[in-house]
Amino acid sequence: MHELGITRSIVAIAAESAGGLRVKRVIVAIGELSGIDADAVRFCFDICAKGTVVESAKLEIERVPGRGRCAACELEAALTTPYGACAACNAPLRVIGGEELKVKAMEVDDVRDMRV
Ligand SMILES: [Zn+2]
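Residues numbered from 1 in each chain as written. Predicted model: local features only at pLDDT ≥ 70, side-chain atom pairs only at ≥ 80, totals over all residues. Heavy atoms only, no water.

S.K.: I'm lost on the overall build of the chain in this one. Help?
M.R.: For the chain, the helix and strand inventory stands at two helices and six strands. Reading the helices (α) and strands (β) of the chain from amino to carboxyl end gives α-β-α-β-β-β-β-β. Its C-alpha radius of gyration of 18 Å places the chain more than 25% over the 13 Å reference for a compact globule of 116 residues. With the C-alpha coordinates of the chain rotated into their principal frame, the extents come out at 65 × 30 × 15 Å. By the burial criterion, 32% of the 116 residues in the chain qualify as buried. Surface exposure of the chain reaches about 7200 Å², of which carbon and sulfur atoms provide 53%. With 15 positive and 17 negative side-chain charges, the chain shows a spacing of 2 Å between the two charge centroids. (Helix = DSSP H or I, 4+ residues; strand = E, 2+ residues; numbered from the N terminus. Rg over C-alpha atoms; globule rule 2.2 N^0.38 Å. Buried < 20%, exposed > 50% of the residue type's maximum accessible area, 1.4 Å probe, protein only. Areas by Shrake-Rupley, 256 points an atom, 1.4 Å probe, with all protein chains shown as cover. Lys, Arg positive; Asp, Glu negative; His and termini not counted. Charge placed at Lys NZ, Arg CZ, Asp CG, Glu CD.)

S.K.: What is the right way to read the pattern of salt bridges from this model?
M.R.: Close approach of charged atoms allows side chains with opposite charge to pair. What the rule picks out here adds up to ten salt bridges. Arginine 25 is paired through a salt bridge with glutamate 107; the nearest N and O atoms lie 2.8 Å apart. With arginine 25 in strand E1 (residues 23-31) and glutamate 107 in strand E6 (residues 101-108), this pair connects stretches of sequence that are 82 residues apart. Glutamate 107 gets classed as partly exposed once you look at its relative accessible area, which sits at 30%. Here glutamate 32 and arginine 63 are joined by a salt bridge, their closest N and O atoms 3.7 Å apart. Of the two residues, glutamate 32 is situated in the loop between E1 and helix H2 (38-49) and arginine 63 in strand E2 (residues 58-64); the sequence distance between them amounts to 31 residues. On the basis of relative accessible area, glutamate 32 is assigned to the partly exposed category, the value being 44%. Exposure remark for arginine 63: the relative accessible area of 36% places this residue in the partly exposed category. Through salt bridges with shared partners, one network takes in Lys24, Arg25, Lys58, Glu60 and Glu107. (Salt bridge = Lys/Arg side-chain N within 4 Å of Asp/Glu carboxyl O.)

S.K.: Just to check I follow, could you spell out H2 for this structure?
M.R.: Taking 1.5 Å of rise per residue, the twelve residues of H2 would be expected to cover 16 Å, and the 16 Å separating its terminal C-alpha atoms lies within 8% of that figure. Residue glycine 51 follows H2 closely and has a positive phi angle near 85°. (Expected span 1.5 Å × (residues − 1).)

S.K.: Would you take a moment to explain the coordination of the zinc ion for this structure?
M.R.: When four donors bind a metal tetrahedrally, each ideal donor-metal-donor angle is 109.5 degrees, and when six bind octahedrally, the ideal angles are 90 or 180 degrees. Donor atoms from the polypeptide that coordinate the zinc ion comprise Cys70 (SG), Cys73 (SG), Cys86 (SG) and Cys89 (SG), at 2.3 Å from the metal. Because the angles between the four donor atoms bound to the zinc ion fall within 101 to 122°, the donor set is best described as tetrahedral. Read from N- to C-terminus, the donor residues coordinating the zinc ion fall into the pattern C-x2-C-x12-C-x2-C. Here the residue cysteine 70 occupies a position in strand E3 (residues 66-70), and cysteine 86 occupies one in the loop between strand E4 (76-79) and strand E5 (93-97), the gap between them amounting to 16 residues. A residue is classified by how much of its surface remains accessible, and cysteine 70, at 0% relative accessible area, is buried. Accessibility expressed as a relative area gives 4% for cysteine 86, which makes it buried. (Donors = N, O, S within 2.8 Å, 3.2 Å for Na, K, Ca; no water. Tetrahedral: all angles 85-135°; square planar, octahedral: opposite > 155°, others 65-115°.)

If you want it as structure tokens, here you go:
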């Protein structure tokens, strides 16, 4: 499953940014045009987080809607597929949003683990 590798990367990024602190919440932005199945990422998250500082963190997924801009007249429009034509001049739209996948924010435990 494609999403397993993606989720592994999300967990790795979160763990690295946490610098050894326990992660409580991870907010991930997934574009509607990215082809990534948010439910599959949600499903893989606990499996990938197990045994890391991200274990038992809450995953929040924000869907980023698709957006395109006309190459000819610069008109912007919502896109539900990576392809579309401008409503004004029928030129093809270029995708300008909705293809992203990124760790947007995260919350870590503010009390450092004092064990040695
Ligand atoms: Zn146009």
